[in-house]
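# What the coordinates show
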Amino acid sequence: MTPLKVPIDESTIRSLKVGDAVSISGTVYTGRDRVHKFLHDGGTLPQGLSLRGGIIYHCGPVVIQDADGQWKVTAAGPTTSIREEPYQAQIIRDLGLRAVIGKGGMGDQTLAACKEFGCVYLHAIGGAAQVLAECVTQVSNVYFREEFGSPEAIWELQIVNFPAVVTMDSHGRSLHAEVLQASQEALARHL
Amino acid sequence: MSQLQASLLDLIRRTSTEVPDDVNRAILDSLEREKKGTIAESALKIIDQNIGLAKQKSQPLCQDTGSILFYVDCPVGMDQLAFEEAAHAAVLEATQKGFLRQNSVNSLTGVNDGTNLGPGSPTLHFHQHRSETIAVRLVLKGGGCENVGAQYSLPHGPLKAGRDLPGCRKVILDAVLQAQGKGCGPGILGVCIGGDRSTSYEFSKKQFLRTLPDRNPDPALDELEQDVLNTANELGIGPMGFGGKTTLLGVKICAINRLPASFFVSVSYMCWAFRRHGVTLAPSGEITQWLY
């Protein structure tokens, strides 16, 4: 498993290939439907917040506040990424993202942006909310919680050894496109 | 809290946090079969770990705790309205305790009031039977897999699928192909042939109440179930769509009557985090037996 430490430089991203298993540590930011539409429509990140060289995670975590006011993530699996396809390429470019974590894969525009700007799509295991929540060691901050609601907010999470697989790399390869084509051909042989 | 409400709360907790034994066994079998050292195998290992961790911590298997679907077999004369009130109270409490995510959104206003109660949530299907036993089965079905369900109207020109079992086979396999890994596979299919559109989907979901190793009593449907399962697993879609040997863990198909004018095939896809449990209840509301 390749360790990935955030922030990530371009040469590290370019060295990753479809099928590589990675283990991610450092800061990631959650962002799903509301965040992507907001940024795409011209919204800006709060003062001082930069995701350059960083990772956005398509996730609506379950987060609870304990008696001391500390946030704790109790379930944190990925949500379906393809809903962000209309926005993702622009956000990769504007924010300087090096990786997007999600599930189910994304489309051609995102794949092209990964190639042009040096970014990868990392597939986490859908449904594995408990294993992935265990990788979250700390909630450092939260942005837009009031405006977007808890699952849709930007949660700043510290993660350690978070497992994922490169399914779209920065060289134009997509495992999703390859599996689709191979399975179409296999099905044609069975009909 | 009434005894019935307490029992339903426990049913919700267990359904959200533990996969039933038959599904757990199927996942372990698929882990054995998958080629060692592949990303498909590692996906199944993480799934297996997640199942253990969720049970141990009594926390939701998946953060999307899904649509709440109750199937109730009840004695003639049981007060269904009282049962529904107890079920609503149990859902609210399960949400407050974190067994269910705040997961129900007003479709017009976008407001999520955090209760999981509202039109269509939860959904209760009552069925009377001539027995004193109350049997309650619960399915929690997440949105990712629900989104890849499909309904076909036969004949289907582009797929060259006619109004016969080979035609049904073609469209069911097309649903598997279109779903790829997006429904959090390896998945389980519930299929209904026939009916009107809504009844057909309803019966397709009821197939999820069957255990995975059971066999269809109708030989033709049994053959179709085995055929679709084996063929789907030769498509190479694999766990999470990563490629691999296990695309489906099970296929369950029923047939109901249709109008001469209609021929629907409805395919519901269930993710690996197959949340289904059931209990029988004494008249007092106490749990007498777990069904899965």
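Note that this is a predicted model, so its numbers are computed, not measured.

### Here's the deal with the interface of chain A and chain B
Facing 35 residues of chain A, the contacting portion of chain B comprises 33 residues. A buried area of about 2900 Å², summed over both sides, lies between chain A and chain B, and 67% of it is on carbon and sulfur atoms. Among the residues of chain A in contact with chain B, A:Ile125, A:Gln130 and A:His190 are the three that bury the most area, contributing 21% of the side total. In this assembly, chain A and chain B are joined by 1 salt bridge. With its nearest N and O atoms 2.9 Å apart, the salt bridge here joins A:Glu134 to B:Lys57. Mapped by element, the contributors of at least two residues to the side of chain A that touches chain B are strand 5 (71–75), helix 5 (129–134), strand 9 (154–168) and helix 7 (175–190) of chain A. Here the element with the most residues in the side of chain A that touches chain B is helix 7 of chain A; it accounts for 9 residues.

### Quick notes on the domain arrangement of chain B
Residues and elements named next belong to chain B. Domain annotation of chain B identifies domain 1 (3–15 + 61–142 + 275–290) and domain 2 (144–270). Distance from the C-alpha centre of domain 1 to the C-alpha centre of domain 2: 26 Å. The interface of domain 1 with domain 2 comprises 10 residues on the first partner and 13 residues on the second. Taking both partners together, domain 1 and domain 2 bury about 920 Å²; carbon and sulfur atoms supply 64% of that area. Its salt-bridge partner being lysine 141, residue glutamate 146 comes within 2.6 Å of it at the nearest N-O pair. Sorting elements by how many residues they give to the side of domain 1 that touches domain 2 places strand 3 (residues 134–141) first, with 4 residues. Considered class by class, the residues forming the side of domain 1 that touches domain 2 number 4 nonpolar, 2 polar and 4 charged.

### Some details on helix 7 of chain A
Relative to the 22 Å expected for 16 residues at 1.5 Å per residue, helix 7 of chain A spans 22 Å between its end C-alpha atoms, a close match to the ideal helical length. Of the surrounding secondary structure, the elements contacted by the buried residues of helix 7 of chain A are strand 7 (120–123) and strand 9 of chain A together with helix 3 (39–57) and helix 6 (165–179) of chain B. For helix 7 of chain A, the side-chain oxygen to backbone nitrogen distance between the N-cap and A:His176 is 3.2 Å, and the N-cap itself is A:Ser174.

### Quick word on the sheet that holds strand 2 (residues 123–129) of chain B
All names here are of chain B. Strand order in this open sheet of 5 strands is 2-1-3-8-9, and the pairing throughout is mixed. The open sheet is flanked by strand 2 and strand 9 (287–290), the only strands paired with a single partner. Taken over all neighbouring pairs, the strand axes of this sheet differ in orientation by 20 degrees on average, direction set aside. The sheet contact formed by strand 8 (residues 275–281) and strand 9 spans 3 bridges and is antiparallel. Paired with threonine 280 across the bridge in strand 9 is glutamine 289. Sitting on the sheet, helix 1 (residues 3–17) is in contact with strand 1 (67–75), strand 3, strand 8 and strand 9, with an inclination near 155 degrees to strand 8.

### Some thoughts on a positive patch on the surface
All names here are of chain B. Where like charges cluster on the molecular surface, the positive patch consists of Arg33, Lys35, Lys36 and Lys245. Looking at the secondary structure, you find arginine 33 in helix 2 (residues 21–33). Arginine 33 sits in the partly exposed class, given a relative accessible area of 44%.

### Re unusual backbone geometry
Residue and element names in this part refer to chain B. A cis amide bond, omega -5 degrees, links serine 121 with the succeeding residue proline 122. In the Ramachandran plot, serine 58 falls in the positive-phi region, its phi being about 50 degrees despite a non-glycine side chain. Among the structural elements, serine 58 can be located in the loop between helix 3 and strand 1. In this structure serine 58 comes out as partly exposed when scored by relative accessible area, which is 22%.

Rules used in this analysis
- Residues numbered from 1 in each chain as written.
- Chains lettered and ligands numbered in written order.
- Predicted model: local features only at pLDDT ≥ 70, side-chain atom pairs only at ≥ 80, totals over all residues.
- Heavy atoms only, no water.
- Contact = heavy atoms within 4.5 Å.
- Buried area = accessible area lost by both parts, 1.4 Å probe.
- Salt bridge = Lys/Arg side-chain N within 4 Å of Asp/Glu carboxyl O.
- Helix = DSSP H or I, 4+ residues; strand = E, 2+ residues; numbered from the N terminus.
- Domains from an automatic or database assignment.
- Nonpolar A, V, L, I, M, F, W, Y, C, P; charged D, E, K, R; others polar.
- Expected span 1.5 Å × (residues − 1).
- Polar contact = N/O pair within 3.5 Å; in protein donor to acceptor, adjacent residues only side chain to side chain.
- Pairing = 2+ DSSP bridges.
- Axes fitted to C-alpha atoms, helices over the stretch in contact; angles between N-to-C directions.
- Patch = residues over 30% accessible without salt bridge, like charges linked within 9 Å, V, L, I, M, F, W, Y side chains within 5 Å.
- Areas by Shrake-Rupley, 256 points an atom, 1.4 Å probe, with all protein chains shown as cover.
- Lys, Arg positive; Asp, Glu negative; His and termini not counted.
- Charge placed at Lys NZ, Arg CZ, Asp CG, Glu CD.
- Buried < 20%, exposed > 50% of the residue type's maximum accessible area, 1.4 Å probe, protein only.

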